[in-house]
Amino acid sequence: MVELEDAATGERLTKRDNTPTDIFHSRLQFSPDGRYLASAGWIWHPVDAASVFDVPRALEEPASLDSAALMEGVEGGIFLTSVAFGARDTLVFVRVDESRDGDTFYLGTYSLTERKLLSEVELEEPAGPLMVVDAEHVVDFFGHPKLVSRATGRVVQRWEDLDTGKVLASIRHHLPPPPHFALDAANRRFAVGTASGIEVITLAAQ
């Protein structure tokens, strides 16, 4: 269950008595303007599932936190393994298509206002946690940081000397904890912990 609280006082702002949806929330993040709250978690099958909540609505109708209706344009958020907020009302995501022949990963952009898919391309490689850089690129942190084209799904730059772990989604089987890394999308930079300290990578503006 997701709850919103006052950070200064600890007061719970979304008290409710209804039965929550059976979702295991993970990797919560607010949109830059604070309007939306996203979760990239999973439901019991198990299968990955993303949820997005309208924060002002949740403060007025706490029960709305038990619905993922904002993701109705992408199969209810099922099979979305990672999400990150893009410009304005957009959510950038990684979706996996599982099959006996192997998994295929896609990078997409979804409009939260229009509730529809804006674009989706097949990824050249599996992708994990994301940081949106701009309208043209994201950084994927599966294995090592990679700059990926949002138009083609291809890797255009790598930092192979920086280890960021093998986590693809919130469901993690027999994986060691990932190395520490931090994202600062607003300033187009990220930091990765290494054996000798912390390495900060800043991406040049286009």
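To be clear, the structure that these remarks concern was listed above.
Everything numeric here is computed off the predicted structure, so don't read it as measured data.

Colleague: Is there a simple way to think about the overall build of the protein chain in this case?
Modeller: Along the protein chain, the regular secondary structure elements total one helix and 15 strands. For a compact globule of 206 residues, the expected C-alpha radius of gyration is about 17 Å, and the protein chain comes in at 17 Å, within 12% of that figure. Summarising its shape, the C-alpha atoms of the protein chain cover approximately 50 × 45 × 35 Å along the three principal directions. Going through the 206 residues of the protein chain one by one, you find that 47% of them count as buried. About 11300 Å² of surface is accessible on the protein chain, with carbon and sulfur atoms providing 50% of the total. The distance from the centre of the 19 positive side-chain charges to the centre of the 32 negative ones in the protein chain is 1 Å.

Colleague: Looking at this structure, I do not really get the nonpolar core. What am I missing?
Modeller: Side chains of a nonpolar character, in soluble globular proteins, are inclined to be buried together. Formed by 14 residues in total, the largest nonpolar core has its most connected members in Val-92, Val-94, Leu-107, Leu-123, Leu-130 and Val-138. For this core, the element with the highest residue contribution is strand S6 (residues 90-97), accounting for three residues. For Leu-107, the contacting residues outside a window of four places in its chain are Val-92, Phe-93, Val-94, Ser-119, Glu-120, Val-121, Leu-123, Leu-130, Val-138, Ser-149 and Arg-150. Ala-38, Ala-50, Phe-85 and Leu-91 belong to the second-largest nonpolar core, a separate cluster that totals 12 residues.

Colleague: Whenever I open this one, the pairing of strand S7 (residues 104-111) confuses me. Can you help?
Modeller: When a strand is regular, its side chains alternate between the sheet's two faces. Of all eight residues in S7, seven are buried, a share of seventy percent or more. In this structure, S6 lies alongside S7, joined through eight bridges in antiparallel fashion. Bridge pairing in S7 links Asp-97 to Thr-104. Between S6 and S7, which pair antiparallel one after the other, the connecting turn spans six residues, and Gly-102 there sits at a positive phi close to 125°. Of the strand pairs in this sheet, S7 and strand S8 (residues 116-122) are connected by six bridges, and their pairing is antiparallel. Note that in S8 the partner of Tyr-106 across the bridge is Glu-122.

Quick notes on the rules
Note on numbering: residues in each chain are counted from 1, in written sequence order. It should be noted that, the model being predicted, local features are given only for residues of pLDDT at least 70 and side-chain atom pairs only at 80 or more, the latter also being counted only at that level, while totals for whole chains, interfaces and linings use all residues. Side-chain descriptors were evaluated using all non-hydrogen atoms of the structure, hydrogens and water having been removed beforehand. Secondary structure elements are taken from DSSP: a helix is a run of H or I of four residues or more, a strand is a run of E of two residues or more, and numbering for both begins at the N terminus. Between the two quantities, the radius of gyration covers C-alpha atoms and the globule rule is 2.2 Å times the number of residues to the power 0.38. In this scheme, a residue with accessible area under 20% of its type's maximum is buried, one over 50% is exposed, and one in between is partly exposed, where area comes from a 1.4 Å probe on protein chains only. Working definition of accessibility: Shrake-Rupley area with a 1.4 Å probe, residue cover restricted to the visible protein chains. Positive charges are assigned to Lys and Arg, negative charges to Asp and Glu, while His and the chain termini are left out of the count. Charged side chains are reduced to one point each, which is NZ for Lys, CZ for Arg, CG for Asp and CD for Glu. As used here, the term nonpolar core means buried Ala, Val, Leu, Ile, Met, Phe, Trp, Tyr and Cys residues forming a set that is joined through side-chain atoms within 4.5 Å. Contacts were defined at the residue level, with two residues in contact if any of their heavy atoms lie within 4.5 Å. One bridge is not enough; two strands pair if DSSP finds at least two bridges between them.

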